[in-house]
Amino acid sequence: MELTPERVREEPAALFLPALEVAREGVLPSGALSTQVGAMATCVGEADPRVVYAHLSAVLCGRHPDVALQWLLDVGLLAHHLPELAATVSLAQEGGRRHKDVWEHTKVVVRQAVPRLEVRWAAALHDVGKVPTRRFVGPGKVTFHGHAEVGAEMFRAGPLRRLAFAPGVAARVEALILLHLRPGQYDGSWSDSAVRRFAREAGPHLRDLLDLSRADVTSQRPGRRRRCMYRISELGRRIRALAAADAKAPPLPAGLGDALMAAFALQPGRRVGALRRRLEALCDAGELAPGLSVERLVDEVARRGLVDELAAEPA
């Protein structure tokens, strides 16, 4: 491959072409070509953002994205379009241990992630918020409170403005960065209501989010790795089981509103809606089984004093 100054002036994004081959084959370019690209790296700032985005997407979805990312960093191209990612180099996460370096961790996550565009982009950028949020709290102890939220903001302010992301892709990548910690917080003790809330929060991103969480497990301890993977899979199974159970029968039967108005002399409006929402919340929390009859639910409203409880609340 020849990258003459004339070609680079006409097509600055051509500097990314060696990275595409590295991502496919896992073999680094010759030292001469790498030196040549490094010498012209500043020209990439003039490249069409659409072409740069396409090239970076192809790199991330290749078979060897970690090798290609390292090459892009070494020749100086990464810093031009993804300075947030370049800033994670040598950012220690725990007591200076090399495998806890954010950059090294990120490369592993990208390599382990399923090669779907949104997942690979989120894998590359999921920890950029650790740079501004790192705090040392004691010998060998580091915190990154709020780094997911900060990372999502950095994505909007940086890569999203700098590159020509497709709107749908950008929204999904941002959501994955924002939510990437949530599956890892599951420990088996969550109530059904908490699992349902997580599934609603993840929404259409659930599959990608669970896959990103699996890729984010980079522990070198086999036992810890197995436990983390099991918990993520268990969370997915519980979500599917609850969704299947909820689909069989709605938690509240038809005709309940009319029955509540007749039983408690209520008029159509806010109080009837509030009663229904209270009953739905009790079903979500597992305090009431889904599929109860209208009569049984009316009895529960009376037994729990829900009408009086709502009447006592400020309007």
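Residues numbered from 1 in each chain as written. Predicted model: local features only at pLDDT ≥ 70, side-chain atom pairs only at ≥ 80, totals over all residues. Heavy atoms only, no water.

In terms of helices and strands, the chain carries 20 helices and two strands. Relative to a compact globule of 315 residues, whose C-alpha radius of gyration would be 20 Å, the chain shows 26 Å and is clearly more extended. In terms of its C-alpha atoms, the chain occupies a principal-axis envelope of roughly 85 × 45 × 35 Å. Across the 315 residues in the chain, those meeting the buried criterion constitute 44%. Carbon and sulfur atoms form 53% of the exposed surface of the chain, whose accessible area is close to 15800 Å². (Helix = DSSP H or I, 4+ residues; strand = E, 2+ residues; numbered from the N terminus. Rg over C-alpha atoms; globule rule 2.2 N^0.38 Å. Buried < 20%, exposed > 50% of the residue type's maximum accessible area, 1.4 Å probe, protein only. Areas by Shrake-Rupley, 256 points an atom, 1.4 Å probe, with all protein chains shown as cover.)

So, on to helix H2 (residues 17-25). If you check which residues of H2 are buried, you get Leu17, Pro18, Ala19, Leu20, Val22 and Ala23. Buried positions along H2 lie against helix H1 (5-10), helix H3 (31-39), helix H4 (49-60) and helix H5 (65-74). Gly26 lies just past H2 and shows a positive phi near 75°. (Contact = heavy atoms within 4.5 Å.)

Looking now at the nonpolar core. Core analysis: the biggest nonpolar cluster contains 71 residues, and Leu72, Leu77, Trp121 and Leu125 have the highest contact counts within it. Formed by 19 residues, the second largest nonpolar core is a distinct cluster that contains Leu252, Val272, Val298 and Leu306. (Core = buried A, V, L, I, M, F, W, Y, C linked by side-chain atoms within 4.5 Å.)

A few words on the pattern of salt bridges. For the coordinates displayed, the defined rule picks out 21 salt bridges. Put simply, Arg7 and Glu11 hold a salt bridge, and the shortest N to O gap is 3.8 Å. Arg156 serves as the salt-bridge partner of Glu174, at 2.4 Å between the closest nitrogen and oxygen. Taken together, the residues span a long stretch of sequence, with Glu174 in helix H13 (residues 167-179) and Arg156 in helix H11 (residues 147-157) at a distance of 18 residues. Note on Arg156: relative accessible area 36%, which makes it partly exposed. (Salt bridge = Lys/Arg side-chain N within 4 Å of Asp/Glu carboxyl O.)

So, about the side chain of Asp66. With respect to the helices and strands, Asp66 occurs in helix H5. When sequence neighbours within four positions are dropped, the list of residues in contact with Asp66 reads Lys107 and Arg111.

With that settled, the discussion passes to the packing of aromatic side chains. Tallied over the full model, the rule gives six aromatic pairs. Ring centres of Tyr53 and Trp121 lie 5.9 Å apart, and the angle between their planes is 15°; this geometry places the pair in the stacked category. One end of the pair, Tyr53, is in helix H4; the other, Trp121, is in helix H9 (residues 117-125), with 68 residues separating them in the sequence. For the pair formed by Tyr53 and Trp121, the shared burial category is buried. When the ring of Trp121 is compared with that of Phe165, the centres are 4.8 Å apart and the planes differ by 65°; the resulting orientation is edge-to-face. A residue pair is termed long-range when its members are at least 10 positions apart, and Trp121 in helix H9 and Phe165 in the loop between helix H12 (159-162) and H13 qualify at 44 residues. Note on accessibility: Trp121 and Phe165 belong to one class, buried. In this structure an aromatic cluster arises from ring pairing among Tyr53, Trp121, Phe155 and Phe165. Lying across the ring of Phe144, Lys130 places its NZ or CZ 4.9 Å from the centre. (Phe/Tyr/Trp six-rings, centres within 6.5 Å; stacked < 30°, edge-to-face > 60°. Lys NZ or Arg CZ within 6 Å of the ring centre and 35° of its normal.)

This brings us to the packing of H11 against H13. Taken N-terminus to C-terminus, the directions of H11 and H13 make an angle of 155°; their axes are 7 Å apart at the nearest point. By the angle between their axes, H11 is roughly antiparallel relative to H13. Across from Ala148, Glu149, Gly151, Ala152, Phe155 and Arg156 in H11, the residues of H13 making contact are Ala170, Val173, Glu174, Ile177 and Leu178. Looking at the contact of H11 with H13, its residues break down into seven nonpolar, one polar and three charged. (Axes fitted to C-alpha atoms, helices over the stretch in contact; angles between N-to-C directions. Parallel < 35°, antiparallel > 145°, perpendicular 65-115°, else oblique. Nonpolar A, V, L, I, M, F, W, Y, C, P; charged D, E, K, R; others polar.)

Right, let's talk about the packing of H4 against H9 for a bit. Between H4 and H9, the shortest axis-to-axis distance is 9 Å and the interhelical angle comes to 90°. The angle between H4 and H9 places the two elements in the roughly perpendicular class. Between H4 and H9, the residues in contact are Tyr53, Leu56, Ser57 and Leu60 and Leu117, Arg120, Trp121 and Ala124, respectively. Here the residues of the contact of H4 with H9 are counted per class, giving six nonpolar, one polar and one charged.

Quick look at helix H8 (residues 102-112) now. Those residues of H8 lying buried are Val102, Trp103, His105, Thr106, Lys107, Val109 and Val110. Where H8 begins, one side-chain oxygen reaches toward the backbone nitrogen of Trp103, 2.7 Å away; that side chain belongs to Asp101. (Polar contact = N/O pair within 3.5 Å; in protein donor to acceptor, adjacent residues only side chain to side chain.)

This next bit is on a positive patch on the surface. On the surface, a cluster of positive charge is made up of Arg221, Arg224, Arg226 and Arg227. Here Arg221 shows up in the loop between helix H15 (206-215) and helix H16 (222-248). (Patch = residues over 30% accessible without salt bridge, like charges linked within 9 Å, V, L, I, M, F, W, Y side chains within 5 Å. Lys, Arg positive; Asp, Glu negative; His and termini not counted. Charge placed at Lys NZ, Arg CZ, Asp CG, Glu CD.)

What follows is about the side chain of Lys107. Looking at where Lys107 falls in the secondary structure, it is placed in helix H8. What makes Lys107 buried here is its relative accessible area of 11%. Among all residues touching Lys107, those that are not within four sequence positions of it are Asp66 and Gln70.

All right, on to the pairing of strand E1 (residues 135-138) then. Here E1 pairs with strand E2 (residues 141-143) via three bridges, running antiparallel. Across the sheet, Phe136 pairs through a bridge with Val142, a residue of E2. Between E1 and E2, which pair antiparallel and follow one another directly, the connecting turn spans two residues, one of which, Gly140, has a positive phi of 75°. (Pairing = 2+ DSSP bridges.)

These figures capture arrangement, not role.
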